[in-house]
Amino acid sequence: MSKKKKAKIFSPRTDLALEACERLDINEDSAVEGVMVKTRENGGTIITSVEIINEEGARICGKPIGKYITVEDRALRTNDPETKERIIEETAISLKEFMKKYKPRKVLVAGLGNGSITPDALGPKAASGVIVTRHLKNTLPKTIRNKVSSVSAITPGVMGITGIETAEVLSGTAERAKPDLIVVIDALAAGKFSRLNTVIQMTDGGISPGAGVGNKRAEINKKTMGVPVIAIGVPTVVDAATLVNDTMDRILSEVNAAGAEAGVFNGLEPGERYALINEMLTPYAENMFVTPKEVDAVIDRLALIISTALNMALHPGLDRKDIELFV
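Residues numbered from 1 in each chain as written. Predicted model: local features only at pLDDT ≥ 70, side-chain atom pairs only at ≥ 80, totals over all residues. Heavy atoms only, no water.

K.L.:
How would you summarise the pairing of strand β7 (residues 199-203) if you had to cite specific residues and measurements?
P.N.:
Of all five residues in β7, five are buried; the element is thus mostly enclosed. Summarising the sheet, strand β3 (residues 66-72) and β7 pair through five bridges and their orientation is antiparallel. Paired with Thr 70 across the bridge in β7 is Gln 201. Strand direction decides the pairing type here: β7 and strand β8 (residues 229-239), joined by three bridges, are antiparallel. When the sheet's bridge partners are listed, Thr 203 is paired in β8 with Ala 231. (Buried < 20%, exposed > 50% of the residue type's maximum accessible area, 1.4 Å probe, protein only. Helix = DSSP H or I, 4+ residues; strand = E, 2+ residues; numbered from the N terminus. Pairing = 2+ DSSP bridges.)

K.L.:
Any details on the pairing of strand β2 (residues 45-52)? Residues and values, ideally.
P.N.:
The element β2 is largely enclosed, with a buried count of six among its eight residues. Across eight bridges, strand β1 (residues 35-42) lies against β2 in antiparallel orientation. Within β2, the position partnered with Val 35 by the bridge is Ile 52. Linkage of β1 to β2, two consecutive antiparallel strands, is achieved through a turn of two residues, within which Gly 43 is found at a positive phi near 65°.

K.L.:
An account of the pattern of salt bridges is needed here, citing residue identities and associated values.
P.N.:
Counted by the stated rule, this structure contains 13 salt bridges. Across the salt bridge formed by Lys 192 and Glu 22, the nearest N and O atoms sit 3.6 Å from each other. A residue pair is termed long-range when its members are at least 10 positions apart, and Lys 192 in the loop between β6 (181-189) and β7 and Glu 22 in helix α2 (residues 17-23) qualify at 170 residues. By relative accessible area, which is 31% here, Glu 22 ends up partly exposed. For the salt bridge of Asp 204 with Lys 101, the shortest nitrogen-to-oxygen distance reads 2.9 Å. One end of the pair, Asp 204, is in the loop between β7 and α9 (222-225); the other, Lys 101, is in helix α4 (residues 81-102), with 103 residues separating them in the sequence. (Salt bridge = Lys/Arg side-chain N within 4 Å of Asp/Glu carboxyl O.)

K.L.:
A description of the packing of α4 against helix α12 (residues 295-314) should follow, citing residues and the corresponding values.
P.N.:
Helix packing for two helices is described by the angle between their axes and how far apart those axes are. The contact between α4 and α12 brings their axes to 8 Å, and the two run at 45°. Taken together, the axis directions place α4 and α12 in an arrangement best described as oblique. In this structure, α4 meets α12 at a crossing whose hand is right-handed. Between α4 and α12, the contacting residues are Lys 84, Ile 87, Ile 88, Glu 89, Thr 91, Ala 92, Leu 95, Lys 96 and Met 99 on the first element and Leu 304, Ile 305, Thr 308, Ala 309, Leu 310, Met 312, Ala 313 and Leu 314 on the second. (Axes fitted to C-alpha atoms, helices over the stretch in contact; angles between N-to-C directions. Parallel < 35°, antiparallel > 145°, perpendicular 65-115°, else oblique. Left-handed = near helix turned anticlockwise from the far one by under 90°. Contact = heavy atoms within 4.5 Å.)

Given below as structure tokens:
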């Protein structure tokens, strides 16, 4: 298989800037033009900041210019109260960083996705937990009015149901609501099974709804909306070929560690191996995506984490008890 052909067909789906950097061996110690990576840890939670500074960095990583912050913890899949609180705090800190940068007075929150399909219901579920105040802001007592921001929320549905591009719905809504900032929440696709439901990514680089599952729609970003866009997402699916490729990586690692013979797969580069696996799977599992069996409970938990952290960032004058009373 030629390198030219491999580059054309090797495209494991991932919406995570973190994974794009990992594949290119870009980290804190590597010097890559236009890309900056910083990592810190809090307990078992890893917070990674990937900043794509210019067009060269965007070309290298295959992601739009912007800042991408990921909060990652394997315990996100479990119902551990301590982990949940730590993730909420870290997510809120990252969101407050974006709020400090853009200083919005009016915010429109959009929960993207299909609420009838569990792995795609993260956006609508999280949006339903956001404290909306646009309709009440001017009627609230001064003691409360100064503690909350003007927030509105919408769940625009998906094009397959509405027949309307999500970007068109948001653009029309923004034209009337006139927000200074749009926050979109959506399910993403991962390049590794280990990252399903374990990572929350936040970025001001915008989003292309459906891109992770091969249904790329009109982009939602500052250029198309006219105002800054913050995208929040969690990888809830992985495509079948990526899952098998990830599994093969583990098998080959074990085989090589044992000094055994791995056969034909051992001589293939990762891109060539992925292409071969994808070709073998296509007749039986074309467009098949995989999600964990406990996805129902996990999506509810993640939606609560995101909405709580977002409420903390949007309404800094409210404490956690106040937020829990309003939701």
